[in-house]
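Each chain, letter by letter, is given below.
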Amino acid sequence: MRSGGAAEVIDLSSDDDGESLPFPSTSAVTVAPSSTRDVKPYELADVKPLLYPIQHPGCYALVPVKDEDPVPLPLAAKAPRVLPPPRLCRQFWKSGEYVVARRNPDADAPGGRNRLRINPKFLHSNATSHKWAFGAIAELLDNAIDEVNNGATFVRVNKFTNPRDGSPSLLVQDDGGGMDPDALRCCMSFGFSDKQSDAFIGQYGNGFKTSTMRLGADVIVFTQNQKNWTPTRSIGLLSYTFLMETGCDDVLVPTVDYQYDLTTASYTQLLRHNQKLFSSNLAILSKWSPFASEAELLKQFDDIGEHGTKIIVFNLWFNDDGDMELDFNSDKKDILITGAQKKVKTNKHEKLMTQDYIANRLRYSLRAYASILYLRVPDSFRIILRGQDVEPHNVVNDLLYRECVLYKPQIAGLPELSIVTTIGFVKGAPDTDVQGFNVYHKNRLITPFWKVASNSYGKGRGVVGILDASFIKPTHDKQDFEKSVLHQRLENRLKEMTYEYWGLHCHRLGYDNKSLPKASRALYRAKQTGAGSSPASVPHQLLTADIPTSSCVQSSMGQKRNFDALGVISDINNHQTKHRDVIQRKRFHEYKTLTLENDKLRDECLQYEESEKQLVEKEQKLRYQIAKETKKYEELLEELKLLDVKLET
């Protein structure tokens, strides 16, 4: 056995000793070699198969699911080794202080020194890429969204109560295609991903490990799959607690698999190696997971359906104050970050509007963050948070005086790209003190309300934009972009957009727009004053710009000019003509940007039509394949009848 008492586990490392793998080498998974090792003060009793002989290592075998658990047997031949006291710190940022209890005995095994191992401490250091708990949850939502390509219609995020101790855990479940045994092992290994298409959000093959280990010390995965028309069930446990408490210096992941048997119309154990190894893994799952027996483990598949994946993150981390980082109690329809909601009690309208706007709520409310996480959510897909659907929030609908601005990033060696940015004033501006750009990548929000321009003297206040920048790469935690030359150019261009837009439209909010003629500025000021809607939050020096009066004109010019009741000079007609020219130029600019947007939408429509044709062809092929397999199934049933084999109902 390994130091954790496992005989067959996933080893999250590579194997270069030349030994043949007991399952296809294309998988990123290796099996721990069986050799004489140091043992715990107990060993697991073998569970012998009842019906079928055990095949040679490397072959799959089906055996019936047994109800009894492996029984720990005390060792008389060797004095028990006392385990060290629990060393797991429940505070995430301190839990990396992991000291290996002893050297892994595999190092003494033949070829052991040639095999690269991964220390369990890497699980923690790898998870520190997520500074924010919601960023980790978003990784799991991304995996569910990617399963839309496999027929997923929902992802469910909820609280799960650990049956062992009653502590709250995090449940994330989808009805996607699920994973077969090999796919689960790739998922729980490092750096393996088959998501190379632009249709997928994930690409690095690391998100599951970083996200789950950032949220809690342990995670168990239940997945059901019907690949190749052979239903399988697999269970895997990635447990930081198990590795630390048993003193492992290698990352070991116990897994068990089951396959549907037509002859018995039930799921039976699928042996990738032999019965003893399966039983050892099952014993580890029963000891270190929330479920104490094989029956309890299999019961978790009852609500998964024919295919799908259920993830339970348990032993959730605490913050530095000793409180659980995820708050399930303050809002029964939401998940909050403990201590992040800092509302200031005030009677000022502008502060209340700013606090209640989604740009601030997303920092502590998962419902608010999930509502803007995706630029477009498929119509057939639902994000269900604590039993209630998350309604998508399109920030574009919050904008006033919207404009579309075309940006063409210059990328060497690639065809010319056209990125359309929608920009405008957020509703309630300038009282709502929010600004910045929501930048998406492949439909996924990377930087919410990215503040690219300083708002000294109020300049840029309330200006918000939305764009999809799929031409630059995000960081691994998908909370920022890589600091490349393209990123710097984008930042500079967005800053220019902010100031350009502000220069054209700030007068609509009551600011004094000095780029307009004086007469036009005076008219806008008079309109604001007459309507009684001059915003109190606008800086005083911007509202009281150079407004000519009779006294100042007489003293400076030595001439007397006639003013009307609004204080506008008599030659206002000339200034109005100039103002009309500005409006015409602005309308031409709007026409040009809308034309470009129309062309882009037309191209997207053609792409969707082409995709529809491909999907129709794929549907026809699948229907033909289904009919063919159905016919084959009926033939096999006829053969069974001839053999006089009775099927249990």
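As shown above, the structure is provided for reference.
Cut-offs used in this document
- Residues numbered from 1 in each chain as written.
- Predicted model: local features only at pLDDT ≥ 70, side-chain atom pairs only at ≥ 80, totals over all residues.
- Heavy atoms only, no water.
- Salt bridge = Lys/Arg side-chain N within 4 Å of Asp/Glu carboxyl O.
- Helix = DSSP H or I, 4+ residues; strand = E, 2+ residues; numbered from the N terminus.
- Buried < 20%, exposed > 50% of the residue type's maximum accessible area, 1.4 Å probe, protein only.
- Axes fitted to C-alpha atoms, helices over the stretch in contact; angles between N-to-C directions.
- Parallel < 35°, antiparallel > 145°, perpendicular 65-115°, else oblique.
- Left-handed = near helix turned anticlockwise from the far one by under 90°.
- Contact = heavy atoms within 4.5 Å.
- Nonpolar A, V, L, I, M, F, W, Y, C, P; charged D, E, K, R; others polar.
- Pairing = 2+ DSSP bridges.
- Expected span 1.5 Å × (residues − 1).
- Patch = residues over 30% accessible without salt bridge, like charges linked within 9 Å, V, L, I, M, F, W, Y side chains within 5 Å.
- Areas by Shrake-Rupley, 256 points an atom, 1.4 Å probe, with all protein chains shown as cover.
- Lys, Arg positive; Asp, Glu negative; His and termini not counted.
- Charge placed at Lys NZ, Arg CZ, Asp CG, Glu CD.

Chemist: Quick question: what am I supposed to make of the pattern of salt bridges here?
Modeler: Opposite charge on two side chains permits them to pair, given that their charged atoms come into close proximity. By the definition in use, this model includes 14 salt bridges. Residue Asp 257 is joined to Arg 185 by a salt bridge in which the shortest nitrogen-to-oxygen separation is 2.8 Å. Taken as a pair, Asp 257 in strand S10 (residues 252–261) and Arg 185 in helix H3 (residues 181–187) lie far apart in primary sequence, 72 residues in all. Measuring nitrogen to oxygen at the nearest pair gives 2.9 Å for the salt bridge that ties Glu 619 to Arg 623. In this pair, Glu 619 and Arg 623 both sit in helix H15 (residues 572–642), 4 residues apart, roughly one turn of the helix. A relative accessible area of 38% means that Glu 619 is categorised as partly exposed.

Chemist: I keep staring at the packing of helix H2 (residues 133–146) against helix H4 (residues 207–215) and nothing clicks. Help me out?
Modeler: When two helices pack together, their arrangement is given by the angle between their axes and by how far apart the axes lie. Relative to each other, H2 and H4 sit at 140 degrees, their axes nearing to 8 Å. In terms of axis orientation, H2 runs oblique to H4. Handedness of the H2/H4 crossing: left-handed. For the pair H2 and H4, contact is made by Ala 133, Ala 136, Ile 137, Glu 139 and Leu 140 and by Gly 207, Phe 208, Ser 211, Thr 212, Arg 214 and Leu 215, respectively. For the contact of H2 with H4, the per-class residue count stands at 6 nonpolar, 3 polar and 2 charged.

Chemist: Looking at this structure, how should I read the sheet that holds strand S17 (residues 399–407)?
Modeler: Sheet strands pair by backbone hydrogen bonding; their relative direction is either parallel or antiparallel. A sheet is described by the order of its strands in space; here 5 strands give the open sequence S17-S18-S21-S19-S20, paired in mixed fashion. Because the sheet does not close on itself, it has two edges, and the strands there are S17 and strand S20 (444–450). Shown here is a sheet whose adjacent strand axes are inclined to one another by a mean of 15 degrees, direction ignored. Note: S17 against strand S18 (residues 419–426), 7 bridges, orientation antiparallel. Each residue of the ladder has a partner; that of Tyr 407, found in S18, is Ile 419.

Chemist: I tried to follow helix H11 (residues 485–505) on my own but got confused; where do I start?
Modeler: A turn of α-helix holds 3.6 residues, and therefore any two residues three or four places apart point the same way. Between its terminal C-alpha atoms H11 stretches 30 Å, which fits the 30 Å expected from 21 residues at 1.5 Å a residue. Where H11 is concerned, the buried positions are Leu 486, His 487, Leu 490, Arg 493, Leu 494, Met 497, Thr 498, Tyr 501, Trp 502 and His 505.

Chemist: What exactly am I supposed to notice about a negative patch on the surface here?
Modeler: Where like charges cluster on the molecular surface, the negative patch consists of Glu 634, Glu 635, Glu 638 and Glu 639. Checked against the element boundaries, Glu 639 lands in helix H15. Judged by relative accessible area, Glu 639 falls into the partly exposed class, the value being 46%.

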